[in-house]
Amino acid sequence: MTYSHEVQHMCCVTKGCNHGPAPIPEEGKWVQARQITDISGLTHGVGWCAPQQGACKLTLNIKEGVIEEALVETVGCSGMTHSAAMAGEILIGKTLLEALNTDLVCDAINTAMRELFLQIVYGRSQSAFSEGGLPIGAGLEDLGKGLRSQIGTMYSTRAKGPRYMEMAEGYVTRCFLDDNGEICGYEFVRLGAMMDLIKKGTDANEALKKATGAYGRTTPADGAVKSIDPREE
């Protein structure tokens, strides 16, 4: 180590108190994090690309500094889905610091990684006060029973009004309108459930029927006077 001429000629003064870093909450413990292996927790974060065309929600389950589980969800850009596929292979098994300094293919995923790094090293994990943290596999809970991302897709124009395309319940097939022409309910298909039924041998039409549900006012008795296909009408 090289010292400048000015420092070499300074007198020595003893350093005072040294309490170390402030402890952060981690999986039900208070930890003084001094190195990457001191970091554990499950956390979520969102990133975006420079043109803000797409976004990524990233979920990581980290144990002793190593990424043991990763959930990569993207929206808004077709190329991001392929980037997510590569990032899913890249992330697991890397330390938190390695992942921060690795190209995760897509700007939005890289930004999400940066945001997660900040959260986790400051103790802002989702499992900060959960004793022992969450097991590997907890990230799947974000997807629900159908193992599909929670997507909300709405389209609207001033001239023609709103259209519901996809809700948390599933792919919207019909929008129901009241006598004011306002949406008062919708019909949806749980695509994950439908595909599971088809894989088990159920006829496709029967599977579609079983996986279809509705929310809100959808019958004339409830005040729904008309229904429309949100993608065609």
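Structural data are supplied above this passage.
Source: prediction; values computed, not measured.

Draft legend 1. Helix H2 (residues 78-91), seen in detail. Along its 14 residues, H2 runs 21 Å from first to last C-alpha, staying within 8% of the 20 Å computed at 1.5 Å per residue. What H2 keeps buried is the set Met80, Ser83, Ala84, Ala87 and Leu91. Projected down its long axis, H2 shows its buried positions confined to an angular sector of 110 degrees, all on one face. The exposed set on the far side of H2, more than 90 degrees from its buried face, consists of Ser78, His82 and Glu89. Residues of H2 that are buried sit in contact with strand S4 (55-63), strand S5 (66-75), helix H3 (96-100) and helix H4 (107-121). Directly beyond the C-terminal end of H2, a positive phi value near 90 degrees is found at Gly93.

Draft legend 2. Here's a closer look at a nonpolar patch on the surface. Side chains of Met1, Tyr3, Val7 and Met10 sit close together on the surface and give an oily, nonpolar patch of about 520 Å² of accessible area. Looking at where Val7 falls in the secondary structure, it is placed in helix H1 (residues 5-8).

Draft legend 3. Geometry of the packing of aromatic side chains. In total, this model carries four aromatic pairs according to the counting rule given. Consider the rings of Tyr164 and Tyr186, whose centres lie 5.9 Å apart with planes at 75 degrees: the pair is edge-to-face. Taken as a pair, Tyr164 in strand S7 (residues 161-167) and Tyr186 in strand S9 (residues 183-189) lie far apart in primary sequence, 22 residues in all. Here Tyr186 falls in the buried class, since its relative accessible area comes to 5%. On the basis of an interplanar angle of 35 degrees and a centroid distance of 5.6 Å, the ring pair of Tyr186 and Tyr215 is categorised as tilted. Separated by 29 residues along the polypeptide, Tyr186 in strand S9 and Tyr215 in strand S10 (residues 212-216) bring together distant segments of the chain. By the ring-pair criterion, three or more aromatic residues cluster together here, those being Tyr164, Tyr186, Phe188 and Tyr215. The positively charged end of Arg231 is found above the aromatic ring belonging to Tyr171, 3.8 Å away from the centroid.

Draft legend 4. Looking closely at the state of the cysteines. With the rule as written, the count across this model stands at zero disulfides. As a non-bridged cysteine, Cys106 has Cys49 as the owner of its nearest cysteine sulfur, 6.3 Å distant. Since its relative accessible area comes to 9%, Cys106 is described here as buried. With no disulfide of its own, Cys184 lies 9.7 Å from the sulfur of Cys175, the closest cysteine sulfur.

Rules behind the numbers
Residues numbered from 1 in each chain as written. Predicted model: local features only at pLDDT ≥ 70, side-chain atom pairs only at ≥ 80, totals over all residues. Heavy atoms only, no water. Helix = DSSP H or I, 4+ residues; strand = E, 2+ residues; numbered from the N terminus. Expected span 1.5 Å × (residues − 1). Buried < 20%, exposed > 50% of the residue type's maximum accessible area, 1.4 Å probe, protein only. Arc of directions from axis to C-beta. Contact = heavy atoms within 4.5 Å. Patch = residues over 30% accessible without salt bridge, like charges linked within 9 Å, V, L, I, M, F, W, Y side chains within 5 Å. Areas by Shrake-Rupley, 256 points an atom, 1.4 Å probe, with all protein chains shown as cover. Salt bridge = Lys/Arg side-chain N within 4 Å of Asp/Glu carboxyl O. Phe/Tyr/Trp six-rings, centres within 6.5 Å; stacked < 30°, edge-to-face > 60°. Lys NZ or Arg CZ within 6 Å of the ring centre and 35° of its normal. Disulfide = S-S within 2.5 Å.

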